[in-house]
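# Report on the structure
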Amino acid sequence: MSSADGYEQHPFLHQQVRDIVSRTEGELMAVTRQHYDDGRIIRIAHIRRTNGVEITTAVGNIERGSTPAHTAPQSTTTTTTDHGGRDVRAL
């Protein structure tokens, strides 16, 4: 199903997806249609990565992602300490 403005419904909308070509993961924000003079219509997936940058790929290149959308990846911070427990990164 599509609307007059070129946007289409998709079962993965607002869910985490992966572009199988670039291995990029992010939230599927929209699916649009691109019309060409020779009559071809290409369906384009708009994916927003966690850093806010959006990429596009063919809809056929997306699959469900591995982590839920709206869940920021957990940061892993390692502190290096000496035997006395002092942070030695600044030394």
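Notes on the structure follow.

Rules used throughout
Residues numbered from 1 in each chain as written. Predicted model: local features only at pLDDT ≥ 70, side-chain atom pairs only at ≥ 80, totals over all residues. Heavy atoms only, no water. Helix = DSSP H or I, 4+ residues; strand = E, 2+ residues; numbered from the N terminus. Buried < 20%, exposed > 50% of the residue type's maximum accessible area, 1.4 Å probe, protein only. Core = buried A, V, L, I, M, F, W, Y, C linked by side-chain atoms within 4.5 Å. Contact = heavy atoms within 4.5 Å.

We note that His14 has phi near 65°; this positive angle belongs to a residue other than glycine. Within the element layout of this structure, His14 appears in the loop between strand 1 (7–8) and strand 2 (16–19). With relative accessibility at 45%, the residue His14 sits in the partly exposed group. Even without being a glycine, Arg23 presents a positive backbone phi close to 65°. Mapped onto the secondary structure, Arg23 falls in the loop between strand 2 and strand 3 (25–35).

Glancing now at the nonpolar core. Soluble globular proteins tend to pack their nonpolar side chains together in the buried interior. Counting 10 residues, the largest nonpolar core is built from Phe12, Leu13, Val17, Leu28, Val31, Ala45, Ile47, Ile55, Val59 and Ile62. Mapped onto this core, the elements with two or more residues apiece are strand 3 and strand 4 (41–48). If near-sequence neighbours (up to four positions away) are discounted, Val31 is found in contact with Gly6, Tyr7, Glu8, His10, Leu13, Arg43, Ile44 and Val59.

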